[in-house]
Every structure is written in C-alpha cells, then in structure tokens.
Amino acid sequence: MGVTKPPILVCRAIAQETIERLEQHFDVRSNQGDEPWSREQFIAALQGREGLFATGGERIDAQLLQACPQLRIVANMSVGFNNFDIPAMNAHRVLGTNAPGVLTETTADFGFALLLAAARRVTEGERYLREGHWTRWEYGMLQGADVHGTTLGILGMGRIGQAIARRGRLGFGMNVIYHNRSRLAADVELETGATYVGKDELLKQADHLVLVLPYSASSHHAIGAAELALMKPSAVLVNIARGGIVDDAALAAALRNKRIAAAGLDVYEGEPAVHPGLLAVSNIVLAPHIGSATASTRIAMANLAADNLVGFFHGAGPKTPVNPEVLNAVAA
Ligand code: 8YV
C-alpha cells in the first residue's frame, strides 16, 4: 500500500530533474509553463499544499498565511529571505528555509563582473561600437578607472562579502576595507585580509564600493543622497544585494551629476521595474538580477531547497531553516 505523499507547490518553472526528484517524495503541483500568476492565482494554486518551493520573490505574509492554513514550510531557492514576514510565519507556525552557501562564489564572481564592467566602461564601449561611432583610435576614448591596486570597500561582510574580499586582495592586489553590523572574528579578518572601518570611513575611503548586505527595514536606503555625497567622485558603486538598499532616485541623480563615476547594478527597487533615471544615464551597467545565474549554481540552489522540503517532511530535518524556533514550537 502506497504512503500518502505530502502535497507541495513549485510556483515557477525550474529544472525538470528537480521536479522529478521532488515527485519521488511529494505530490507535486508545478508551474513548469511559468504562467505569470497574479497573487490571487498563486494563493489559489497553494490551496491544500503543505509545502511551497519558492524562488525568493514571493511575498509570504499574514494575508497569504491566513488564506493557506495547510501551509507548513516555504523553501526559498535563494539566500535572501526578505520575502518572508518572519513574525507572521512564526505566528502561523510556518517554517522558512533559504539556500545559503551554494551561490557564494558565483555571486562574488558577478560582483566583480559588474565592478570591472562599470570601472572599465565595457557595456558603454559595446554600445559605442554597435552604434557605429568607432571610426578611429583616440587617445581619450572611453578611459575608465583602474580596479587593481585600489581600495575596495565592502558593505555587508557575510559569505559573499568575504568571497569578494578574497578576490579583491588575492586577484587584484586591492586594499580591502569593510563595514558590517558586527565586526568579523580576528582570524576571518586575517584570512580575508579585510580591515573593519566605520560606515562613513568606508564611504569616504573606498575607490570602489560593493554592497552585499541583506535587505531589512534597517538597511532600507542604506545608500542615499547623504551617503553618495561622502563617496569619491571617481568611485564605482556595485549593488548585488537587494533593491531598496540603494535609493535608486538618488543614485540616478548622482550618476547624472557625476557625483560618483559609475555604477553596476543587479538589483532594483521595485524590480523588474527600473527607475527611469537609471535607464537615462550611460555611466551604469544594468543586469536583470542574474548574480547567481549559472547552470551549476541554479541546480545547487534548487537541490538545497528540495533538500529542505525532503528533510522537513521525511525526518532528517531541514538543512537551512531561517526561523528554527517554529520547529521547536511544533515539537513542544
Ligand atoms: C536569486 C538571490 O536568483 O539568492 C538570492 O538571494 O537574489 C538570487 O540568487 C533570486 O532571489 C531568485 O531566486
């Protein structure tokens, strides 16, 4: 006699191999056609489902939890979990899990890709060439800024921040400074070669600044007009963290007025919408939130989300819970 499989929803298209793996353990309802569901359609599809495989973009709040009383776990295929309303999830005893670790190096690579592209004006150069402006060599053509040997500032020094620090120090001979909510242990500072400074010092001293901090109410607009005013006019700003950490209107103004030299962005306030002021300036490299988008990392992220679902329902426990207090509450 077959054992009943817990019902889950996979709300966006993912690799078929992950769907097949999930089907070994669950009764899977999936959206492999990647239908663009409204919030109402999403909640309707979640009815009766005990688990949700999410991408990290789906808002899990009190309204959704009230409408989906069967839901017990939401497994994000992302390290960020600012889509979770943790107090509401705790109140409804719904576990959230994220996908840390597996995307660290891939995302750090992309931080450097944006930094190099913005500092060396790579995409601006490509547009110049494609538009037929390149008719002869010119001494001053598309001169950019050096990355090697400069001072790299990192705001947010978790796994990805540390991986960026290593790249900066070992690969590009950079002097690395950082600011974080809490200072790193001495051995980690030694290994990454990064020096702790206050936030204002970071903004003032960095030749280039990379943002890798999680989004929360306290990091909302951590970089606004006042912070941009402290940065060097020659500085490049890179945001691979979350939209909303930067005040995009203030950044657009700073780029337009050459208050800073350039920016490389992977994330935006209200994405996929992009502030028109950012689209209007040329000293910017714009990517559509693809920091972790390599084939092997996508599979690793999906597998970790699947592991969390399997562990939660089938005994071993979730690997990377973000509100483990829910598990204790359920056990009590
Ligand atoms: C994801 C991300 O691609 O992991 C994160 O926090 O921002 C990205 O790696 C995105 O959240 C969709 O899952």
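The structure presented is a predicted model; accordingly, all values stated were derived computationally and were not measured.

About the thresholds
Residues numbered from 1 in each chain as written. Predicted model: local features only at pLDDT ≥ 70, side-chain atom pairs only at ≥ 80, totals over all residues. Heavy atoms only, no water. Near = heavy atom within 4 Å. Polar contact = N/O pair within 3.5 Å; in protein donor to acceptor, adjacent residues only side chain to side chain. Areas by Shrake-Rupley, 256 points an atom, 1.4 Å probe, with all protein chains shown as cover. Domains from an automatic or database assignment. Contact = heavy atoms within 4.5 Å. Buried area = accessible area lost by both parts, 1.4 Å probe. Salt bridge = Lys/Arg side-chain N within 4 Å of Asp/Glu carboxyl O. Nonpolar A, V, L, I, M, F, W, Y, C, P; charged D, E, K, R; others polar. Helix = DSSP H or I, 4+ residues; strand = E, 2+ residues; numbered from the N terminus. Buried < 20%, exposed > 50% of the residue type's maximum accessible area, 1.4 Å probe, protein only.

Inspection of the region around the ligand gives Thr55, Met77, Ser78, Val79, Gly80, Leu103, Arg242, His289, Ser292, Arg298 and Met301 as its neighbouring residues. Methionine 77 places a main-chain nitrogen or oxygen 3.3 Å from an oxygen atom of the ligand. For the ligand, an oxygen atom lies 2.8 Å from a polar atom in the backbone of glycine 80. Here the ligand has 330 Å² of accessible area as a free molecule, and 84% of this is covered by the chains.

According to the domain assignment, the protein chain consists of domain 1 (7–101 + 295–331) and domain 2 (104–286). Computed from C-alpha coordinates alone, the two centres of domain 1 and domain 2 are separated by 32 Å. In this complex, domain 1 contributes five residues to the contact, which on the side of domain 2 involves five residues. Summing the contributions of domain 1 and of domain 2, the shared interface buries around 500 Å²; its carbon and sulfur component is 44%. In this structure, the connection of domain 1 to domain 2 is made through zero salt bridges. At the surface where domain 1 touches domain 2, the tally comes to three residue pairs in polar contact (both at pLDDT 80 or more). Grouping the amino acids of the side of domain 1 that touches domain 2 by side-chain chemistry returns one nonpolar, four polar and no charged.

Across all of its chains, the model carries 14 salt bridges by this definition. We note a salt bridge from arginine 130 to glutamate 126, for which the minimum N-O separation is 2.6 Å. Linking arginine 130 with glutamate 126, this pair stays in helix H6 (residues 122–130), spanning four residues, or about one helical turn. According to the relative accessible area criterion, arginine 130 is exposed, its value standing at 66%. A salt bridge links aspartate 307 to lysine 319; the shortest N-O distance between them is 2.9 Å. Remark: lysine 319 occurs in the loop between helix H13 (295–313) and helix H14 (325–331) and aspartate 307 occurs in helix H13; sequence separation between them is 12 residues. Owing to a relative accessible area of 56%, lysine 319 belongs among the exposed residues under this scheme. Salt bridges linked by common partners bring Arg21, Asp307 and Lys319 together as one network.

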